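Residue-level structure breakdown
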Amino acid sequence: MNTPSFQDVQFTNGYEFTQGTGYTLPEYAFVTPPELVQNKTLRHAVVIVGGGISGLTLACGLANLGIKAVLLDEDNTVGVKGASSRGICYTQKSLEIFQKLGIFDRIAKKGIQWSVGRTFAGNDEVYNFDLKQQSNFSLSQQPAFINIQQFYIEGYLVERIQELGSVDLRWQSRVTAFKQNKDFATLSVETPEGTYQLQADHVIDATGSHTPFHAWTGVGMESKKGDDRWCIADVRFDTHPPTERHTWIEAPFNENRAVWQHLMADDVWRIDYQMEPNADAAYISREDVVRERLERQFGKKVKVDIVWVGPYAYKSQCLTTLRMGRVFFMGDTAKIVNPFGARGGNTGVADADNLAWKLAA
Ligand SMILES: Cc1cc2nc3c(=O)[nH]c(=O)nc-3n(C[C@H](O)[C@H](O)[C@H](O)COP(=O)(O)OP(=O)(O)OC[C@H]3O[C@@H](n4cnc5c(N)ncnc54)[C@H](O)[C@@H]3O)c2cc1C
């Protein structure tokens, strides 16, 4: 299969506003699956639906254990087209899992290690920590955090799965229907070469927050939507703030609302501004409005190169059970948390690590 190496993918320095992409992402080729070649419905032990960070970590975990599986993803790339990156912070626990899977060195080489966090209220520093001091009491070989764009991790997972074999990665393969009985599940898959069906002993739903499996299985959930609004600006500067995580619980330059500031790979800073409740997404992400906001924080003299802007709102959701018959839910299909604390992707990685050895057993 002619797959581009993720190392070759270039960061593009143009800026984009919620549409388009600030990055060039790798594209993976569609390969005609055996079901279409043989015109036959085949049975597989494990079918993972969704190749985001959770699905790919599970696929890599299974491949690492030599377990055969099929992964279906509707897209032909990693990350989210048109978005810079959702996740940026990866915890020690995830980094330990990535070490086990053989991609930690790639992440450490590309990502940013940080240990100092400072919290400000107005101009006062009200709290700080240095995770290096805590790491004196840790047996882990991995650092407390690495900041890196989520799609880099997903790309390294794809590379690693290809190195390990065992897992059949199927791109441009959208699952459009599902049914199950007590012995197996049947999935319909739409591809550029037509639709086919396959059967699975176990289906793993890793399709993220817009999953169709909730409706297909009738699983129950608790859900809460907030009116909080945020607007991300991923930027590069001609001067460099310290490589520390800065948080303002009250930022004088943001009408006393909160701000988070982090460095990630490629020298890109994520500045995440809290907006007014129910703020208008189109207005808060307009270029002149974003530039004015950045100027208020960094001053007029600092040259800012905007990589991407993304307004967002969030909800919290959790399923009442993580299994319905032959389907397991993991990552964002199992629970959605707000982005603070970097728990979404990290808990998806932990879900995958947990499920991999259990499925293998
Ligand atoms: C602003 C922001 C910042 C964040 N920061 C962090 C952070 O710092 N650290 C962190 O850990 N998390 C963070 N998160 C959360 C994290 O991005 C998500 O929790 C994570 O992407 C969930 O991964 P997933 O694999 O479960 O789902 P997704 O990443 O949504 O992947 C789902 C996959 O399923 C595929 N798919 C969907 N439907 C189908 C279908 N019918 N058939 C086939 N394929 C399908 C999609 O193409 C996609 O590849 C952040 C989120 C946001 C919004």
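Residue indices follow the written sequence of each chain, beginning from 1 at its first position. Local features are withheld for residues below a pLDDT of 70 in this predicted model, meaning they are given only at 70 or higher, and side-chain atom pairs are given and counted only at 80 or more; totals for whole chains, interfaces and linings count all residues. Side-chain descriptors were evaluated using all non-hydrogen atoms of the structure, hydrogens and water having been removed beforehand.

1. Notes on the site of the ligand
Selection rule: Nearness of a residue to a molecule or strand requires only that one of the residue's heavy atoms be within 4 Å of it. Think of a polar contact as two N or O atoms within 3.5 Å of one another; within protein, one of them needs to be a possible hydrogen donor and the other a possible acceptor, and neighboring residues in sequence only count if both atoms come from side chains. In these tables, accessible area is a Shrake-Rupley quantity obtained with a 1.4 Å probe, and a residue counts as shielded only by the protein chains included in the view. In this description a helix means any DSSP run of H or I spanning at least four residues, a strand means any run of E spanning at least two, and both kinds are numbered starting from the N terminus. Under this grouping Gly is polar, as are all residues other than the nonpolar Ala, Val, Leu, Ile, Met, Phe, Trp, Tyr, Cys and Pro and the charged Asp, Glu, Lys and Arg.
With respect to spatial proximity, 30 residues lie near the ligand, and among them D73, R86, Q150, D332 and N346 are the closest. The contact in question runs from an oxygen atom of the ligand to an N or O atom on the backbone of I88, over 2.9 Å. One of the backbone N or O atoms of V175 is found 3.0 Å from a nitrogen atom in the ligand. Surface burial for the ligand is 88%, taken as the share of its 1,000 Å² of free accessible area covered by protein chains. Among the secondary structure elements, those contributing two or more residues to the shell around the ligand are α2 (53–64), β4 (89–91), β10 (174–180) and α10 (344–360). Among the residues forming the shell around the ligand, the class breakdown is 11 nonpolar, 13 polar and 6 charged.

2. Observations concerning the sheet that holds strand β8 (residues 145–147)
The strands making up a sheet associate through hydrogen bonds between their backbones, and the pairing can be parallel or antiparallel. Convention followed: Pairing between strands is defined by DSSP: at least two bridges between them are needed. Whether two residues are in contact is decided by their heavy atoms, any of which lying within 4.5 Å being enough. Throughout, an axis means a line fitted to C-alpha atoms (over the contacting stretch in the case of helices), and angles, computed between N-to-C directions, take values from 0 to 180 degrees.
Spatial ordering of the open sheet is given by β4-β8-β5, a layout of 3 strands whose pairing is antiparallel. Only two strands of the sheet have a single neighbouring strand rather than two, namely β4 and β5 (112–113). Where β4 lies against β8, 3 bridges are found, and the strand directions are antiparallel. Residue pairing in the sheet places T91 in a bridge with F145 of β8. Those strands touched by helix α3 (residues 92–101) are β4 and β8, and its axis lies near 75° from that of β4.

3. Looking at the nonpolar core
For soluble globular proteins, nonpolar side chains are generally found buried alongside one another. Rules: Nine residue types can take part in a nonpolar core, namely buried Ala, Val, Leu, Ile, Met, Phe, Trp, Tyr and Cys, and a core is a set of them joined through side-chain atoms within 4.5 Å. We call a residue buried when its accessible area falls under 20% of the maximum for its residue type, exposed when it is over 50%, and partly exposed in between, using a 1.4 Å probe and counting protein chains only.
Grouped together as the largest cluster of nonpolar side chains are 62 residues, with contacts concentrated most on I48, L58, I107, I148, I153 and I204. Within the second largest apolar cluster, 22 residues are counted, among which are I112, V259, W269 and I284.

4. Description of unusual backbone geometry
Located in the positive-phi region is E255, a residue other than glycine, with phi close to 50°. Along the chain, E255 falls in the loop between β14 (245–251) and β15 (257–264). Residue class for E255 comes out exposed when judged on its relative accessible area of 55%. Even without glycine at this site, N278 takes up a positive phi of about 60°. Tracing the backbone through its elements, the reader meets N278 in the loop between β16 (268–275) and α8 (281–284).

5. Things to note about the packing of α2 against helix α6 (residues 150–164)
Note the cut-off: In these notes the angle categories are as follows: under 35 degrees is roughly parallel, over 145 is roughly antiparallel, 65 to 115 is roughly perpendicular, and the rest is oblique. Less than a right angle of anticlockwise turn of the near helix away from the far helix marks a crossing as left-handed, whereas a clockwise turn marks it as right-handed.
Relative orientation of the contacting elements α2 and α6 amounts to 25°, with a least axis distance of 9 Å. With respect to their mutual orientation, α2 and α6 come out roughly parallel. The hand of the α2/α6 crossing is left-handed. Note on element contacts: α6 touches α2 through Q150, I153, E154, L157, V158, R160, I161 and L164, opposite I53, L56, T57, A59, C60, A63 and N64. Within the contact of α2 with α6, the residues separate by chemical class into 10 nonpolar, 3 polar and 2 charged.

6. Regarding α10
Condition: One less than the residue count of a helix, multiplied by 1.5 Å, gives the span that helix is expected to have.
The end-to-end C-alpha separation of α10 is 24 Å, in line with the 24 Å expected for 17 residues at 1.5 Å each. Of all the residues in α10, the buried ones are N346, G348, V349, A352, D353, L355, A356 and L359.

7. Brief notes about the confidence of the model for the protein chain
Our working definition: pLDDT expresses, on a scale from 0 to 100, how confident the predictor is about each individual residue.
With 93% of its residues at a pLDDT of 70 or more, the protein chain has an overall mean of 90. Low pLDDT, under 50, characterises residues 1–21; the predicted model gives this stretch 63 contacts beyond four residues in sequence or across chains.

8. Considering the pairing of β10
Bridge count for β10 against strand β11 (residues 185–191) is 6 bridges, and the pairing is antiparallel. Looking at the pairing, A177 lines up with S188 of β11. From the end of β10 to the start of β11, which pair antiparallel, there are 4 residues.

9. A few points about the packing of aromatic side chains
Applied cut-off: In this scheme Phe, Tyr and Trp rings, the latter by its six-membered ring, pair at centre separations within 6.5 Å, and the angle between planes marks the pair as stacked below 30 degrees, edge-to-face above 60, and tilted otherwise. Put simply, a charge is over a ring when the Lys NZ or the Arg CZ is close to the ring centre, within 6 Å, and near the line of the ring normal, within 35 degrees.
Summed over all chains, the structure comprises 13 aromatic pairs. Centre to centre, the rings of Y152 and Y156 are 6.4 Å apart; their planes meet at 20°, and the pair counts as stacked. Of this pair, Y152 and Y156 both sit in helix α6, 4 residues apart, which is roughly one turn of that helix. A relative accessible area of 2% means that Y156 is categorised as buried. The rings of W114, Y127, F129 and F145 are connected pair by pair, giving a single aromatic cluster. In this structure, R293 is placed above the aromatic ring of Y273, and the distance from its NZ or CZ to the ring centre is 5.7 Å.

10. A look at the pattern of salt bridges
One side chain can pair with another of opposite charge once the charged atoms of both are near each other. Let me state the cut-off plainly: Think of a salt bridge as a Lys or Arg side-chain nitrogen and an Asp or Glu carboxyl oxygen that are within 4 Å of each other.
For the coordinates displayed, the defined rule picks out 19 salt bridges. Across the salt bridge formed by D353 and K100, the nearest N and O atoms sit 2.7 Å from each other. Separated by 253 residues along the polypeptide, D353 in helix α10 and K100 in helix α3 bring together distant segments of the chain. Salt-bridge contacts for E163 lead to R160; the nearest nitrogen and oxygen are separated by 2.8 Å. With a gap of 3 residues between them, E163 and R160 both fall in helix α6, about one helical turn apart.

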